[in-house]
Amino acid sequence: MNFQLSEEHQAIREGVKSLCERFPESYWLERDADGVFPHDFYRAMGDAGWLGTAIPEAYGGSGLGVQEAAIMMQTIAESGACLSGCSSIHINVFGLMPVAVFGTEEQKQRMLPPIARGEVKACFGVTEPNAGLNTTKLKTRAVRQGDKYVVHGQKVWISTAQVADKILLLARTTPLEELSPKQHSQGLTLFYTDLDRSKIDVRLIEKMGRKCVDSNELFIDGLEIPVEDRIGEEGQGFKYILHGMNPERVLLAAEAIGVGRAALNKASQYARERVVFDRPIGQNQAIQHPLARNWIDLEAAELMTMKAAWMYDNHLECGANANAAKYFAAEAGFRACEQAVLTHGGMGYSKEFHVERYLREIMIPRIAPVSRELILSFIAERVLGMPKSY
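Quick caveat: nothing in here was measured; it's all calculated off a predicted structure.

Some words on the overall build of the chain
Moving on, step 1. On a plain count of helices and strands, the chain comes out with 14 helices and ten strands.
Moving on, step 2. Relative to a compact globule of 390 residues, whose C-alpha radius of gyration would be 21 Å, the chain shows 21 Å and is just as compact.
Moving on, step 3. Considering only C-alpha atoms, the chain reaches an extent of 80 × 50 × 40 Å along its principal axes.
Moving on, step 4. In the chain, the proportion of contacts linking residues at least 24 apart, taken out of those at least 6 apart, comes to 74%.
Moving on, step 5. In the chain, the 43 positive side-chain charges and the 49 negative ones have mean positions that sit 4 Å from each other.

This is the structure we're talking about:
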């Protein structure tokens, strides 16, 4: 085994790091204050070709894998951009993989190059207020009328909908009542279409962190979607979005590690420089030991994450590994951010030192896209062979 980054991977890390240096922590502090989407960061990532990292070369991307995408996202987060920087480009990196895998050639040519170049922004419309993580119980309804579908329903926690031009939308084309309980994953259809604001009311959700990347409720009333914007077969949309779930977990894990490393670096620097009782506070084991444990946790999390990414890229079953990596990395990142605030003492509570922003943003990978509890249930059932608990 070789645990060193390859020359290609090192080049990705250095290239992304160099670009991120143009957007220092003061930039992200301003975005955290004003809530303005980081359009210039998004544009810079598109101009440099990073948005198309995982999109096939034939459609304007680089055709790289989850390992490369994970290195990129971890580097962005570690720069101090945290989840704000990463979430602004999430859907570009892997969100449209269902189109790349299941779309027609015409759809790939039409839909993928603009997202790879950063010419359009998109959002992912799946979660609903009355379904939560139980995606098979989605009720947003798409009814076919000739050469179009007409959609009515509601979505929640939809990121970037304030600025998006397009939406990747999962809607029910067969009512739940017409399906047996074992068929509930059927009858869902995936679309990639224009976000028509005359038919979609987008309402901002005020939230704890990541203010510059908006989260929203969507109220859909009569959205018309051309048949040519349907991805794959009618009724098979749930299967299509499953294709992107393991990469999504790996990328969230990488981002959590990046945020944790940013926090650890801040805390270590402060502990070396802050002098109290005529000695650096970092000379005290009560300060040293928790930070050392954070380093160990983040190293372990990175190994789990890159293993899961490698397994996915090599077409191996990686569901348990991707979920475990997301769980462990999010917890390790949270502990590092919490310890960074505590290491700074009162100044950790001030925005000036950034670590309070890290702590607010690291909550996201602990909660989304799947809860810690469901990950533990999944591993208990699928790996340890225990009865399903829900």
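Quick look at helix α9 (residues 245–273)
Quick reminder: α-helices carry 3.6 residues per turn. Residues three or four places apart thus point the same way.
Moving on, step 1. Relative to the 42 Å expected for 29 residues at 1.5 Å per residue, α9 spans 42 Å between its end C-alpha atoms, a close match to the ideal helical length.
Moving on, step 2. Of all 29 residues that make up α9, 21 are buried, and the element is covered over most of its length.

Considerations on the pattern of salt bridges
A side chain of one charge can pair with a side chain of the opposite charge if their charged atoms are brought near each other.
Moving on, step 1. A full pass over the atoms with the stated rule returns 23 salt bridges.
Moving on, step 2. Close ionic contact of Glu78 with Arg13 constitutes a salt bridge, the shortest N to O distance being 3.3 Å. Placement of Glu78 in helix α4 (residues 66–87) and of Arg13 in helix α1 (residues 7–20) is noted, with a sequence separation of 65 residues between them.
Moving on, step 3. The partly exposed category is assigned to Arg13, whose relative accessible area is 22%.

Observations regarding the side chain of Lys155
Moving on, step 1. Take Lys155: it is sitting in strand β3 (residues 148–159).
Moving on, step 2. Here the side chain of Lys155 touches Val126 through a polar contact of 3.0 Å, landing on its backbone oxygen.

As for the pairing of strand β4 (residues 166–172)
Moving on, step 1. Most of β4 is tucked away: six of the seven residues are buried.
Moving on, step 2. In this sheet, β4 lies alongside strand β1 (residues 122–125) in parallel orientation, the contact comprising four bridges. In the sheet register, Phe124 faces β4, and the bridge partner there is Leu168.
Moving on, step 3. Sheet topology places β4 next to strand β5 (residues 188–194); seven bridges connect them, and they run antiparallel. Within the sheet, the bridge partner assigned to Lys166 lies in β5 and is Asp194.

Description of the pairing of strand β2 (residues 141–145)
Moving on, step 1. Two elements, β2 and β3, share five bridges in a ladder whose sense is antiparallel. Opposite Gln145, over in β3, you have Lys148 as the bridge partner.
Moving on, step 2. In sequence, β2 turns back onto β3 through a hairpin of two residues, with Gly146 there showing a positive phi of about 70°.

Focus on the environment of Ala340
Moving on, step 1. Following the sequence through the fold, Ala340 ends up in helix α11 (residues 319–344).
Moving on, step 2. For the pair Ala340 and Lys266, spaced 74 residues apart in sequence, the C-alpha separation works out to 7.0 Å.

A word on a nonpolar patch on the surface
Moving on, step 1. On the surface, a cluster of nonpolar side chains totalling about 470 Å² of accessible area is made up of Met1, Phe3 and Leu303.
Moving on, step 2. Tracing the sequence through the fold places Met1 in the segment before α1.

Overview of the state of the cysteines
Moving on, step 1. The tally for this structure, following the rule as stated, stands at zero disulfides.
Moving on, step 2. Residue Cys82 stays outside any disulfide, its sulfur separated by 7.0 Å from that of Cys337, the closest cysteine.
Moving on, step 3. Since its relative accessible area comes to 0%, Cys82 is described here as buried.

Description of the packing of aromatic side chains
Moving on, step 1. Tallied over the full model, the rule gives eight aromatic pairs.
Moving on, step 2. For the pair Phe23 and Phe41, a centre-to-centre distance of 5.4 Å together with 90° between the ring planes defines the contact as edge-to-face. Of this pair, Phe23 sits in the loop between α1 and α2 (25–34) while Phe41 sits in helix α3 (residues 39–47); the two residues are 18 residues apart in sequence, bridging distant segments of the chain. With respect to burial, Phe23 and Phe41 carry one shared label: buried.

The rules we used
Residues numbered from 1 in each chain as written. Predicted model: local features only at pLDDT ≥ 70, side-chain atom pairs only at ≥ 80, totals over all residues. Heavy atoms only, no water. Helix = DSSP H or I, 4+ residues; strand = E, 2+ residues; numbered from the N terminus. Rg over C-alpha atoms; globule rule 2.2 N^0.38 Å. Contact = heavy atoms within 4.5 Å. Lys, Arg positive; Asp, Glu negative; His and termini not counted. Charge placed at Lys NZ, Arg CZ, Asp CG, Glu CD. Expected span 1.5 Å × (residues − 1). Buried < 20%, exposed > 50% of the residue type's maximum accessible area, 1.4 Å probe, protein only. Salt bridge = Lys/Arg side-chain N within 4 Å of Asp/Glu carboxyl O. Polar contact = N/O pair within 3.5 Å; in protein donor to acceptor, adjacent residues only side chain to side chain. Pairing = 2+ DSSP bridges. Patch = residues over 30% accessible without salt bridge, like charges linked within 9 Å, V, L, I, M, F, W, Y side chains within 5 Å. Areas by Shrake-Rupley, 256 points an atom, 1.4 Å probe, with all protein chains shown as cover. Disulfide = S-S within 2.5 Å. Phe/Tyr/Trp six-rings, centres within 6.5 Å; stacked < 30°, edge-to-face > 60°.

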